[in-house]
Amino acid sequence: MPDQAVFRVDVGSNGLRVDAVALAAALAALPKGAPVVVMIHGYRFAPGARGGNCPHTHIFSMQPPVQDWTAISWPRHLGLSGGRALAIGFGWPARGRFRGACVRARVAGRALAELAALVQMLDPGRAFDVVGHSLGARVALTALPYAVPGDLRRLILLAAAETRRPAMRAMGSAAGRCVQVVNVTTRENDLFDFLFEWLGGAGLDTAIGQGLRETPANWLDVQLDQPASLAALARLGHALPEAPARISHWSPYLRPGALGLYRAILDGSLPLGVLRSALPERRDPRWSRLLTGWRWPLLGRMQRA
């Protein structure tokens with residue numbers, strides 16, 4: 001059974017599925033100033049799916065299965081229990097063929113905008129934040145053109161499966177100009193970015209894991225495996241370990257301390273202005289982590305000669 005501490009919302013064939021009466025009661029019980037935090041999963045999850053593929057019994061659960069190394073409790077590590085926020089697990093059908101899931105992510109984005117509008121109707125002025133991984137980040141960005149300005153306060157995107165052009169269109173919308181976006185990237189995800197560019201965009205656009213070409217003032221890239229970024233985060237009280245792998249799509253939430261960093265962003269103890277000032281302006285380029293220490297055969301022969 002899903003955790004009672006996490007409010008469940010799903011997207012089905014008929015659109016948004018939410019118990020509006022129960023949502024109104026949950027919002028009424030929420031302390032003033034506490035935000036709504038919507039968690040959105042990525043590919044391979046779907047509500048009710050078996051074999052560890054239902055997000056509500058996996059990453060959205062306060063007590064996920066210990067036998068699955070990717071199952072870490074988002075709501076627990078984000079500090080969303082105890083009345084500090086209303087945690088909403090947003091499930092959508094992300095199984096099947098990847099291109100089909102990419103299309104359904106856009107449908108889910110409209111449903112997310114509908115949910116944000118519902119929250120504002122039931123509880124005007126309530127802050128509405130989103131944490132989305134992979135295609136869940138695409139869901140979050142897709143919501144912006146359909147949302148009323150101010151309905152969404154902040155988006156934290158983890159290893160986002162989206163490209164620059166649609167991201168820039170979303171940020172150029174009325175709601176996009178009002179939202180704060182923290183785009184968490186890592187060179188461990190370079191291979192997945194490259195594959196997404198070809199599987200999801202026919203190689204015609206660049207993944208936002210490489211940042212935006214022209215970064216809006218309300219957009220902040222955080223390269224989580226860059227030594228300079230790690231040093232800056234440590235000075236701010238968020239010491240994270242060095243990246244454990246050269247290739248990983250899940251490290252933005254599996255790395256110890258990462259969800260604690262996002263928790264500080266969500267609760268305001270780490271203001272975005274402070275974070276922006278502390279981080280380096282330049283990002284490490286694509287493939288730089290994967291190729292670190294790699295000795296090309298020809299170069300090796302030349303050195304030996």
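So, a few notes on the structure that sits alongside this text. Please read all numbers here as calculations on a predicted model, not as lab measurements. (Residues numbered from 1 in each chain as written. Predicted model: local features only at pLDDT ≥ 70, side-chain atom pairs only at ≥ 80, totals over all residues. Heavy atoms only, no water.)

What to know about the pairing of strand β7 (residues 180-185)
Right, on to step 1. Among the 6 residues in β7, 5 count as buried, and that is most of the element.
Right, on to step 2. Sheet topology places strand β6 (residues 154-158) next to β7; 5 bridges connect them, and they run parallel. Each residue of the ladder has a partner; that of I156, found in β7, is V182.
Right, on to step 3. Traced from β6 through helix α5 (residues 164-171) to β7, the parallel crossover comes out right-handed.
Right, on to step 4. Read as a crossover between parallel neighbours, the route from β7 over helix α6 (residues 190-201) to strand β8 (residues 219-223) is right-handed. (Buried < 20%, exposed > 50% of the residue type's maximum accessible area, 1.4 Å probe, protein only. Helix = DSSP H or I, 4+ residues; strand = E, 2+ residues; numbered from the N terminus. Pairing = 2+ DSSP bridges. Right-handed = clockwise from strand over helix to strand, strands pointing away.)

Focus: the packing of helix α1 (residues 20-28) against helix α3 (residues 98-122)
Right, on to step 1. Close contact between α1 and α3 brings their axes to 10 Å; oriented N to C, the two are set at 55°. In terms of orientation, α1 lies oblique with respect to α3. Relative to α3, the crossing made by α1 is right-handed. Within the contact between the two elements, α1 uses A20, L23, A24 and L27 and α3 uses L115, L118, V119 and L122.
Right, on to step 2. A breakdown of the residues in the contact of α1 with α3 according to their chemical character gives 8 nonpolar, no polar and no charged. (Axes fitted to C-alpha atoms, helices over the stretch in contact; angles between N-to-C directions. Parallel < 35°, antiparallel > 145°, perpendicular 65-115°, else oblique. Left-handed = near helix turned anticlockwise from the far one by under 90°. Contact = heavy atoms within 4.5 Å. Nonpolar A, V, L, I, M, F, W, Y, C, P; charged D, E, K, R; others polar.)

Some details on α6
Right, on to step 1. The end-to-end C-alpha separation of α6 is 16 Å, in line with the 16 Å expected for 12 residues at 1.5 Å each.
Right, on to step 2. D190, D193, F196 and E197 are the residues of α6 that are buried. Angular distribution of buried residues about the axis of α6 spans 115°; they occupy a single face of the element.
Right, on to step 3. In the core, the buried residues of α6 are packed alongside α3 and α4 (135-143).
Right, on to step 4. Just downstream of α6 lies A202, where phi reads positive at about 55°. (Expected span 1.5 Å × (residues − 1). Arc of directions from axis to C-beta.)

A closer look at the nonpolar core
Right, on to step 1. Grouped together as the largest cluster of nonpolar side chains are 52 residues, with contacts concentrated most on F90, L112 and L115.
Right, on to step 2. Take this core: its biggest share by element is 11 residues, from α3.
Right, on to step 3. Leave out the neighbours within four places in its chain, and L112 touches V38, I40, F90, F128, V130, V139, A140 and A143.
Right, on to step 4. Counting 36 residues, the second largest nonpolar core, distinct from the first, contains L78, V131, L230 and L240. (Core = buried A, V, L, I, M, F, W, Y, C linked by side-chain atoms within 4.5 Å.)

Points about the packing of α3 against α4
Right, on to step 1. Packing of α3 against α4 brings their axes to within 7 Å, and their N-to-C directions diverge by 45°. By the criterion of interaxial angle, the relationship of α3 to α4 is oblique. Considering only the axes of α3 and α4, their crossing is right-handed. Two secondary-structure elements touch here, α3 through F98, A101, C102, A105, R106, A108, G109, L112 and A113 and α4 through L135, R138, V139, A140, T142 and A143.
Right, on to step 2. Considering only residue class, the contact of α3 with α4 consists of 11 nonpolar, 2 polar and 2 charged.

Some words on the pattern of salt bridges
Right, on to step 1. Going through the model one piece at a time under the given rule, you end up with 10 salt bridges.
Right, on to step 2. The partner of E197 in a salt bridge is R286, and the shortest N-O contact between them spans 2.6 Å. Here E197 is found in helix α6, whereas its partner R286 is found in the loop between α10 (272-278) and α11 (297-304), with 89 residues between them in sequence.
Right, on to step 3. According to the relative accessible area criterion, E197 is buried, its value standing at 6%. (Salt bridge = Lys/Arg side-chain N within 4 Å of Asp/Glu carboxyl O.)

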